[in-house]
Number of protein chains: 2
Amino acid sequence: MKNDSFDLKEKFGLHIKRLREDRGLALRDMATKCELDYSQISKIENAKWDVQLSTIFELAKGLDVEAKELLDFKI
Amino acid sequence: MKNDSFDLKEKFGLHIKRLREDRGLALRDMATKCELDYSQISKIENAKWDVQLSTIFELAKGLDVEAKELLDFKI
DNA sequence: TAATTTGTGGCAGTATAATACCACAAATCA
DNA sequence: TGATTTGTGGTATTATACTGCCACAAATTA
């Protein structure tokens, strides 16, 4: 895996978590809005995975945002 | 894999290819600017892979754009 | 206190992204 | 024409994302 130095996964996970909490969504709520298991989302937020493109688009569905907004954070 | 219906990988690949060609970069040129093999980039452009987050950021380095711009296309 | 909600993390199995090569054909150029 | 550049695709191996489930503790609520 690349980009390990500046901990991309961690920044991404925190960004997702922030967006979710801003919307007052529980993991289980968000999971009902997309094709992801709530435990998956938890793992993503906690930087366990280097998520794939299709997963990013699912997260966007769950958060009602455009996918590109999910990459809008400082690395 | 999710999002199969609207062919996310294909749209993404075409978007990458367009950005690269707009910059007059050959695959081998672009590959020198990031931690990707030129044959990898070819496969991504041709929708062979559901790329990971870290790979998206590498592609962005190779194209001198912000990662979020790589998700800025219509699905 | 009791019941519910919430987040975390474990598990096993499957699919596939990533890596690092290389060969080849077609296009481009000298 | 001959040399170089360019894109495509093959291969074998390794790592890990994903799936779907579930148990648990802590926090929240009634």
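Just above sits the structure.
Residues numbered from 1 in each chain as written. Chains lettered and ligands numbered in written order. Predicted model: local features only at pLDDT ≥ 70, side-chain atom pairs only at ≥ 80, totals over all residues. Heavy atoms only, no water.

(A) Quick look at the side chain of Ser-54 of chain A. Structurally, Ser-54 of chain A is set in helix α4 (residues 53-63). In this structure the side chain of Ser-54 of chain A is engaged in a polar contact, spanning 2.6 Å, whose partner is the side chain of Asp-50 of chain B. (Helix = DSSP H or I, 4+ residues; strand = E, 2+ residues; numbered from the N terminus. Polar contact = N/O pair within 3.5 Å; in protein donor to acceptor, adjacent residues only side chain to side chain.)

(B) Quick peek at the relation of the copies chain B and chain A. Relative to chain A, chain B is turned by 180° and slid 0.0 Å along the rotation axis, the superposed coordinates differing by an RMSD of 0.0 Å. Both chain copies can therefore be described as sitting about a two-fold axis. Distance from the rotation axis, computed per C-alpha, reaches its smallest value in chain B at Gln-52 of chain B: 2.0 Å. A share of 100% of the interface residues of chain B reappears at the interface of chain A, consistent with the copies meeting face to face through the same patch. (Least-squares fit on C-alpha atoms with pLDDT ≥ 70 in both. Contact = heavy atoms within 4.5 Å.)

(C) Geometry of the protein's contact with DNA strand D. Near DNA strand D, the surroundings consist of 25 residues, among which Ser-39, Gln-40 and Thr-55 of chain A together with Leu-27 and Gln-52 of chain B are the closest. Per the 4 Å cut-off to the protein, sugar and phosphate atoms form 51% of the nearby atoms of DNA strand D. Within the backbone of Leu-27 of chain B, a nitrogen or oxygen atom sits 2.7 Å from a phosphate oxygen of DNA strand D. A distance of 2.8 Å is found between a base oxygen of DNA strand D and a side-chain nitrogen or oxygen belonging to Lys-43 of chain B. For the surface near DNA strand D, the elements supplying multiple residues, two or more each, are α3 (38-45) of chain A together with α1 (8-22), α2 (27-32) and α3 (38-45) of chain B. (Near = heavy atom within 4 Å.)

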